[in-house]
Amino acid sequence: MTPIDRDVLAQVRFDSNGLIPTIVQSVTGRVLMLAWMNRESLERTIEIGETVFFSRSRNELWHKGATSGNTQRILKIELDCDSDALLILVEEAGPACHTGEESCFDVETLFISGDE
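Let me begin by describing the structure that accompanies this report. Throughout this description, residue numbers start from 1 for each chain and increase along the sequence as written. Totals for whole chains, interfaces and linings use all residues, but because this is a predicted model, local features are given only for residues with pLDDT of at least 70 and pairs of side-chain atoms are given and counted only at 80 or more. The basis for every side-chain value is the complete set of non-hydrogen atoms in the structure, without hydrogens or water.

## Side note on the pattern of salt bridges
Okay, step 1: The term salt bridge refers to a pairing of a side-chain nitrogen on Lys or Arg with a carboxyl oxygen on Asp or Glu at a separation within 4 Å. Applying the stated criterion across every chain yields a total of five salt bridges.
Okay, step 2: Linking Arg 73 and Glu 91 is a salt bridge whose minimum nitrogen-to-oxygen distance equals 3.1 Å. Of this pair, Arg 73 sits in strand β5 (residues 72-79) while Glu 91 sits in strand β6 (residues 86-92), placing them 18 residues apart in sequence.
Okay, step 3: Note on classification: 1.4 Å probe, protein chains only; a residue is buried when its accessible area is under 20% of the maximum for its type, exposed when over 50%, partly exposed between these limits. By relative accessible area, Arg 73 is classed as partly exposed at 40%.
Okay, step 4: The shortest N-O distance in the salt bridge between Glu 78 and Lys 76 comes to 3.1 Å. A run of DSSP states H or I qualifies as a helix once it reaches four residues; a run of E qualifies as a strand once it reaches two. Both are numbered from the N-terminal end.

## Focus on unusual backbone geometry
Okay, step 1: Positive phi values are uncommon outside glycine, yet Asn 59 reaches one of about 55°.
Okay, step 2: Backbone geometry places Ser 83, a non-glycine residue, at a positive phi of 65°.
Okay, step 3: By the secondary structure assignment, Ser 83 is in the loop between β5 and β6.

## Brief notes about the state of the cysteines
Okay, step 1: Note on terminology: pairs of cysteine sulfur atoms within 2.5 Å are recorded as disulfides. Counted according to the given criterion, the structure contains zero disulfides.
Okay, step 2: The thiol sulfur of Cys 97 is not disulfide-bonded, and the nearest other cysteine sulfur, from Cys 104, lies at 3.7 Å.

## Comments concerning the packing of aromatic side chains
Okay, step 1: We call Phe, Tyr and Trp rings a pair once their centres come within 6.5 Å, taking the six-membered ring for Trp, and we label the pair stacked below 30 degrees between planes, edge-to-face above 60, and tilted otherwise. Under the counting rule described, the total for this entry stands at one aromatic pair.
Okay, step 2: Consider the rings of Phe 53 and Trp 62, whose centres lie 5.1 Å apart with planes at 45°: the pair is tilted.
Okay, step 3: Taking relative accessible area as the criterion, Phe 53 reaches 0% and is therefore assigned buried.

## Let's talk about the side chain of Ser 103
Okay, step 1: Inspection of the secondary structure assignment puts Ser 103 in the segment after β6.
Okay, step 2: Relative accessible area serves as the criterion here: at 1%, Ser 103 is assigned to the buried category.
Okay, step 3: Counted as a polar contact is a pair of N or O atoms within 3.5 Å, where, for protein atoms, one must be capable of donating a hydrogen and the other of accepting one, and residues adjacent in sequence contribute only when both atoms are in side chains. For Ser 103, the side chain forms a polar contact with the main-chain oxygen of Val 31, separated by 2.8 Å.
Okay, step 4: Here, residues are in contact when the closest pair of their heavy atoms is within 4.5 Å. The residues touching Ser 103, leaving out its near neighbours within four places in the chain, are Arg 30, Val 31, Leu 32 and Cys 97.

## What to know about the environment of His 98
Okay, step 1: Take His 98: it is sitting in the segment after β6.
Okay, step 2: Residue His 98 is classed as exposed on the basis of its relative accessible area of 79%.
Okay, step 3: Counting along the chain gives 33 residues from His 98 to Gly 65, while the straight-line C-alpha distance between them is 9.9 Å.

## With respect to the sheet that holds strand β2 (residues 31-37)
Okay, step 1: Across the sheet, which stays open at both edges, the four strands sit in the order β2-β1-β6-β5 with mixed pairing between neighbours. The sheet is open, and its two edges are formed by β2 and β5, each paired on a single side. Going from strand to strand, the sheet's axes swing by 25° on average, the running direction of each strand aside.
Okay, step 2: Paired strands, in this sense, are two strands between which DSSP finds at least two bridges. Alignment of β5 against β6, held across seven bridges, turns out to be antiparallel. Paired with Lys 76 across the strands is Leu 89, a residue of β6.
Okay, step 3: Running over the sheet, helix α2 (residues 39-48) touches β2, β5 and β6 and is turned about 125° from β5. Note on geometry: axes are lines fitted to C-alpha atoms, helical ones only across the stretch in contact, with angles between N-to-C directions running from 0 to 180 degrees.

Okay, structure coming up:
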């Protein structure tokens, strides 16, 4: 992994709770999940090369796959144009969702355009 650009890291805009929404995407292009990061989890993610998130319900860090083995190896981290959201491209080892599905977005479809 290319070393982190500390100038870019300094641009990250965390919300009033110290969090930033983080979209996780597979190398296949599939969106796997949306999770939250704080500064500590982002720095830990960069340090170990696997996703580490902040659990709002448990108020603690969680290393994705630490208990399940379904880790996400970081390939790239991108900051959006407003510096208030992250996109992380990963190579996953197993499903992303706690339900066992590949993606957390395999649950319900709200709308499908007739043009599809």
